[in-house]
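Observations on the model geometry
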Protein chains: 2
Amino acid sequence: MDDETAPQKGTVTQRAIERIKAMIAEGGLEPGQRLPTERDLAAQLGISRSSMREGIRALTVMGVLEARHGSGIYVSRLEAGDLLETFGVVADLSRGPRLVELLEVRRILESTATALAAARITVDQLAEVERHLAAMNATDDPEEILAHDLAFHREIAAAAGNETMAAILEGLSSRTFRARVWRGFQEEGAFARTRREHAAIHRALAAHDPEAARAAAAAHVGEVEEWLRARLGP
Amino acid sequence: MDDETAPQKGTVTQRAIERIKAMIAEGGLEPGQRLPTERDLAAQLGISRSSMREGIRALTVMGVLEARHGSGIYVSRLEAGDLLETFGVVADLSRGPRLVELLEVRRILESTATALAAARITVDQLAEVERHLAAMNATDDPEEILAHDLAFHREIAAAAGNETMAAILEGLSSRTFRARVWRGFQEEGAFARTRREHAAIHRALAAHDPEAARAAAAAHVGEVEEWLRARLGP
DNA sequence: TGCTCCGGGGTGGTCCGACCACTGTGCTGG
DNA sequence: CCAGCACAGTGGTCGGACCACCCCGGAGCA
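How each quantity is defined
- Residues numbered from 1 in each chain as written.
- Chains lettered and ligands numbered in written order.
- Predicted model: local features only at pLDDT ≥ 70, side-chain atom pairs only at ≥ 80, totals over all residues.
- Heavy atoms only, no water.
- Salt bridge = Lys/Arg side-chain N within 4 Å of Asp/Glu carboxyl O.
- Helix = DSSP H or I, 4+ residues; strand = E, 2+ residues; numbered from the N terminus.
- Buried < 20%, exposed > 50% of the residue type's maximum accessible area, 1.4 Å probe, protein only.
- Pairing = 2+ DSSP bridges.
- Axes fitted to C-alpha atoms, helices over the stretch in contact; angles between N-to-C directions.
- Parallel < 35°, antiparallel > 145°, perpendicular 65-115°, else oblique.
- Left-handed = near helix turned anticlockwise from the far one by under 90°.
- Contact = heavy atoms within 4.5 Å.
- Nonpolar A, V, L, I, M, F, W, Y, C, P; charged D, E, K, R; others polar.
- Least-squares fit on C-alpha atoms with pLDDT ≥ 70 in both.
- Buried area = accessible area lost by both parts, 1.4 Å probe.
- Polar contact = N/O pair within 3.5 Å; in protein donor to acceptor, adjacent residues only side chain to side chain.
- UniProt positions renumbered as here; feature names shortened; annotations may be inferred.
- Near = heavy atom within 4 Å.

**Some details on the pattern of salt bridges**
Residue and element names in this part refer to chain B. Overall, the coordinates contain 39 salt bridges over all chains when judged by the stated rule. Between E38 and R53 there is a salt bridge, with its nearest N and O atoms 2.6 Å apart. Residue E38 is located in helix α2 (residues 38–45), and its partner R53 is located in helix α3 (residues 49–61); the two are separated by 15 residues in the primary sequence. On the basis of relative accessibility, which here comes to 13%, the residue E38 falls in the buried class.

**Comments concerning the pairing of strand β1 (residues 65–68) of chain B**
Residues and elements named next belong to chain B. As judged from the four bridges shared by β1 and strand β2 (residues 72–75), these two strands associate in the antiparallel manner. Pairing of E66 across the sheet is with Y74, part of β2. In sequence, β1 turns back onto β2 through a hairpin of three residues, with G70 there showing a positive phi of about 85°.

**What about the packing of helix α3 (residues 49–61) of chain A against α3(B)?**
Where α3(A) contacts α3(B), the two axes come as close as 8 Å, and the packing angle between them is 50°. Judged by the angle between their axes, α3(A) and α3(B) are oblique. Considering how the two elements wind past one another, α3(A) and α3(B) form a crossing that is right-handed. Counting all contacts with α3(A), which are made through R53(A), E54(A), R57(A), A58(A) and V61(A), the residues of α3(B) involved are R53(B), E54(B), R57(B), A58(B) and V61(B). For the contact of α3(A) with α3(B), the class distribution of residues is four nonpolar, no polar and six charged.

**Section: the relation of the copies chain A and chain B**
For these two chains of identical sequence, chain A goes onto chain B by a turn of 180° and a shift of 0.0 Å along the axis, with RMSD 0.1 Å. One copy is carried onto the other by what is essentially a two-fold rotation axis. By residue overlap, the copies meet face to face through one surface: 100% of the interface positions of chain A are interface positions in chain B.

**Looking at the interface of chain A and chain B**
Contacts between the two partners involve 45 residues from chain A, matched on the other side by 45 residues from chain B. Between chain A and chain B the total buried area reaches about 3900 Å² when both faces are included, carbon and sulfur atoms providing 64% of it. The largest per-residue losses of area from chain A upon contact with chain B belong to E54(A), R57(A) and L93(A), which jointly make up 17% of the total buried on that side. Counting across the interface, chain A meets chain B through five salt bridges. Taking the shortest distance from any N to any O, the salt bridge between R57(A) and E54(B) comes out at 2.9 Å. Scanning the region where chain A abuts chain B turns up 16 residue pairs in polar contact (both at pLDDT 80 or more). If one sorts the elements of the side of chain A that touches chain B by residue count, helix α6 (residues 97–120) of chain A sits on top with nine residues. Tallied by class, residues from the side of chain A that touches chain B come to 24 nonpolar, nine polar and 12 charged.

**Quick word on the UniProt feature "domain: HTH gntR-type" (unreviewed entry) in chain A**
UniProt marks residues 10–78 of chain A with the feature "domain: HTH gntR-type" (unreviewed entry), using the numbering shown here. End C-alpha atoms of residues 10–78 of chain A are separated by 26 Å, and the span's content is 51% helix alongside 12% strand.

**Some details on the protein's contact with DNA strand D**
Close contacts around DNA strand D come from 26 residues, with V12(A), H69(A), T37(B), R49(B) and R53(B) the closest. In DNA strand D, atoms within 4 Å of the protein come from the sugar-phosphate backbone in 59% of cases. R49(A) has a polar side-chain atom sitting 3.3 Å from a base nitrogen of DNA strand D. The contact in question runs from a phosphate oxygen of DNA strand D to an N or O atom on the backbone of E38(B), over 3.1 Å. Listing elements by their share of the surface near DNA strand D, those giving two or more residues are α1 (12–25) and α3 of chain A together with α2, α3, β1 and β2 of chain B.

Next comes the structure, spelled out in structure tokens:
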């Protein structure tokens with residue numbers, strides 16, 4: 001028969017990746033657990049260490065595994081942030097119409113997250129949001145403003161209580177993505193407007209008003225979205 | 001000086017990945033374009049072919065590059081579906097509370113997508129949706145039902161006109177994900193209910209009523225979400 | 001007894017060279 | 001002119017070697 005040696009579908013590396021993923025999905029490998037050596041794994045699957053390393057590297061980049069030099073290979077915590085890190089790559093590599101689509105997705109998620117945050121935010125979290133809001137208004141250094149802008153939204157996403165959503169939004173708002181969209185946007189003087197919108201979001205949060213928060217956040221992201229859409233349109 | 005030979009931050013493979021990503025992001029590499037040979041690329045970056053291969057493999061798995069045996073390495077089309085394929089891995093590997101979070105994200109996106117679809121769907125697309133709805137009601141084979149269920153939602157997502165959102169939803173509804181949640185869910189007899197919900201979604205689409213569509217879709221996903229949440233709760 | 005230091009074994013990271021499998025192309029022969 | 005083939009070039013796989021790093025345990029000291 002041919003059930004032991006013959007399969008041979010796709011590249012050996014691809015098979016190795018599937019095998020490891022399957023092990024984790026089926027519960028054979030727990031988060032944080034240490035895997036066998038590269039050499040042992042390669043021997044187990046009957047492939048060379050080189051091919052096995054390619055597979056491991058791929059899973060490492062995806063955030064599924066974590067290789068510690070001199071120590072061993074471990075299964076990552078498998079939490080949202082780890083796995084969705086690659087999501088940022090999508091934002092970095094998207095152009096043209098795809099950028100508008102990404103912004104639309106962000107608008108939907110960000111407005112919902114802000115609405116959730118309005119209902120659930122604690123006084124401590126609200127204070128942190130206010131801190132970033134104030135810091136953003138106190139400086140004129142674009143770099144610093146952007147940092148506090150990101151932190152502002154990150155804090156809100158965290159307050160929404162859905163780590164997965166927060167991780168996705170983090171990827172959609174990655175440095176490069178934001179920087180690219182911003183450059184040229186704020187130059188048209190739509191800068192004070194951003195501050196007003198942030199203030200509106202904060203007011204809704206402080207008032208624990210989900211609907212107002214949703215509207216404010218949607219308008220905030222939609223602002224950039226519309227500008228970008230118009231810029232690519234004709 | 002040390003700007004040419006010294007850097008040495010992180011692993012060489014990681015640097016190689018960043019270099020290629022940067023080339024694409026900065027427009028030096030167009031979608032579909034062919035890259036230099038593995039051997040040439042390795043020489044250009046001053047690293048071994050093995051390390052370069054690991055980097056290429058990682059980018060291949062992420063859907064950024066596409067390697068054709070005997071032909072060469074090419075930049076992928078860089079469209080939503082290519083890059084967000086790894087999103088399905090997240091769903092496959094998520095467990096426990098994370099599953100509920102993913103379902104919550106899906107509920108938000110799916111309801112919005114369905115609302116958009118209600119406003120934009122064409123007669124041809126609506127006919128396709130009806131076809132899957134009928135096929136799903138005509139059989140009792142779980143496998144076939146699941147296939148038409150997926151196609152039903154996929155068609156709606158496509159009608160929403162946002163490829164990126166459709167790609168994300170595709171990942172969130174991946175075979176494995178759905179299969180795992182479904183197993184044990186339909187056993188509790190919540191099967192006719194699914195058919196009723198699909199019918200409600202279809203009615204809203206046919207009536208071009210976005211708000212009704214949003215509500216129907218949210219209820220549909222929320223059904224599974226609540227069941228799963230209760231199952232993990234106590 | 002307890003601490004510090006250091007040495008070695010084991011691990012991932014990198015490199016090299018060879019060969020295989022497949023593809024594309026240009027040449028050859030009809 | 002076309003069909004078929006041979007060949008050079010490409011990614012895919014392999015095995016081995018060496019390096020850089022981490023961890024642990026034993027030796028030595030206080």
